[in-house]
Amino acid sequence: MALEAWFMDDSNEDQRLPHHRNPKEFVTLDYLADLGVVHWKLNPENYENDSKLSKIREERGYDYMDLLDLCPEKVSNYEEKLKNFFTEHIHKDEEIRYCLKGSGYFDVRDKDDRWIRILMKPGDLIVLPAGIYHRFTLDTSNYIKLMRLFVGEPVWTPYNRPQEEHPVRKEYIKSLTKKFGETIRAY
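Remember, predicted model here, so these are calculated numbers, not experimental data.

## Some details on the overall build of the chain
Part 1 of the reasoning: From N to C terminus, the chain includes four helices and eleven strands.
Part 2 of the reasoning: Here the chain has a C-alpha radius of gyration of 16 Å; the compact-globule value for 187 residues is 16 Å, and the two agree.
Part 3 of the reasoning: For the chain, the spread of C-alpha atoms along the three principal axes comes to 45 × 40 × 30 Å.
Part 4 of the reasoning: Classification of the 187 residues of the chain by burial places 45% in the buried group.
Part 5 of the reasoning: For the chain, contacts bridging at least 24 residues in sequence account for 74% of all contacts bridging at least 6.
Part 6 of the reasoning: In the form shown here, the chain has an accessible surface area of approximately 9,900 Å², with 48% of it arising from carbon and sulfur atoms.
Part 7 of the reasoning: Charge separation in the chain, taken as the distance between the mean sites of 29 positive and 34 negative side-chain charges, equals 1 Å.

Encoded structure:
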């Protein structure tokens, strides 16, 4: 099954709900790719011996890897951590996540500053480009097991919005302007 993504409503209800608009407005993988979001569907049951994952890691230079079980029973200060993950931010590097079990949402801003919700399920590997505004939350299952990949030593520093003067954000806006052939507001 393909990765699911959609434009979000403006509701302040529980962040773990799907937040579909009415009517629902789905987003294509091509549109996500235009924003710099890359996706692969892999076999999460065989991640330790998956040649496709090995090839992706080699081609993209992902030499660091760890696993994260995110749920109330396994994470101290769970609610606080979830709140921090859900704060809108950018990173200086790509954010690479591979869902092995459970499910959750990555929300990304599009070129018009609209939220797109991406449902991560087992087998989904996504890469968010450096400089894209994003956030993460679990869904109502309250559980996800993720593989985190990184080039070199991991730097998990979030730069909370606003970051319009940050060099990586400026570079991302420049890439969108080139891709879409129009001036993109930095919001």
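## Some details on the sheet that holds strand β10 (residues 144-150)
Part 1 of the reasoning: In space, the five strands of this open sheet follow the order β2-β8-β5-β10-β3, with antiparallel pairing throughout. The sheet terminates laterally at β2 (38-41) and β3 (64-70), the two strands that pair on one side only. Going from strand to strand, the sheet's axes swing by 20° on average, the running direction of each strand aside.
Part 2 of the reasoning: Sheet topology places β2 next to strand β8 (residues 124-128); four bridges connect them, and they run antiparallel. Counted as the bridge partner of V38 is V127 from β8.
Part 3 of the reasoning: Contacting β2, β3, β5 (95-102), β8 and β10, helix α2 (residues 51-60) runs over the sheet at an angle of about 155° to β2.

## A closer look at the UniProt feature "binding site: Fe(2+)" (unreviewed entry) in the chain
Part 1 of the reasoning: The feature "binding site: Fe(2+)" (unreviewed entry), as given by UniProt, occupies H89, H91, E95 and H134 in the numbering adopted here. Judged by maximum C-alpha separation, these annotated positions cover 46 residues in sequence but sit close together in space, the widest gap being only 11.5 Å.
Part 2 of the reasoning: Relative to the helices and strands, H89 is located in strand β4 (residues 89-90).
Part 3 of the reasoning: You can call H89 buried: its relative accessible area is 6%.
Part 4 of the reasoning: Among the polar contacts listed, one links the side chain of H89 to the backbone oxygen of T87, at a separation of 2.6 Å.
Part 5 of the reasoning: Among the structural elements, H91 can be located in the loop between β4 and β5.
Part 6 of the reasoning: According to the relative accessible area criterion, H91 is buried, its value standing at 11%.

## Focus on the state of the cysteines
Part 1 of the reasoning: Taken as a whole and judged by the stated rule, the model has zero disulfides.
Part 2 of the reasoning: Left unpaired, C71 is separated from the closest cysteine sulfur, that of C99, by 13 Å.
Part 3 of the reasoning: Judged by relative accessible area, which is 0%, C99 ranks as buried.

Reading guide: rules and limits
- Residues numbered from 1 in each chain as written.
- Predicted model: local features only at pLDDT ≥ 70, side-chain atom pairs only at ≥ 80, totals over all residues.
- Heavy atoms only, no water.
- Helix = DSSP H or I, 4+ residues; strand = E, 2+ residues; numbered from the N terminus.
- Rg over C-alpha atoms; globule rule 2.2 N^0.38 Å.
- Buried < 20%, exposed > 50% of the residue type's maximum accessible area, 1.4 Å probe, protein only.
- Contact = heavy atoms within 4.5 Å.
- Areas by Shrake-Rupley, 256 points an atom, 1.4 Å probe, with all protein chains shown as cover.
- Lys, Arg positive; Asp, Glu negative; His and termini not counted.
- Charge placed at Lys NZ, Arg CZ, Asp CG, Glu CD.
- Pairing = 2+ DSSP bridges.
- Axes fitted to C-alpha atoms, helices over the stretch in contact; angles between N-to-C directions.
- UniProt positions renumbered as here; feature names shortened; annotations may be inferred.
- Polar contact = N/O pair within 3.5 Å; in protein donor to acceptor, adjacent residues only side chain to side chain.
- Disulfide = S-S within 2.5 Å.

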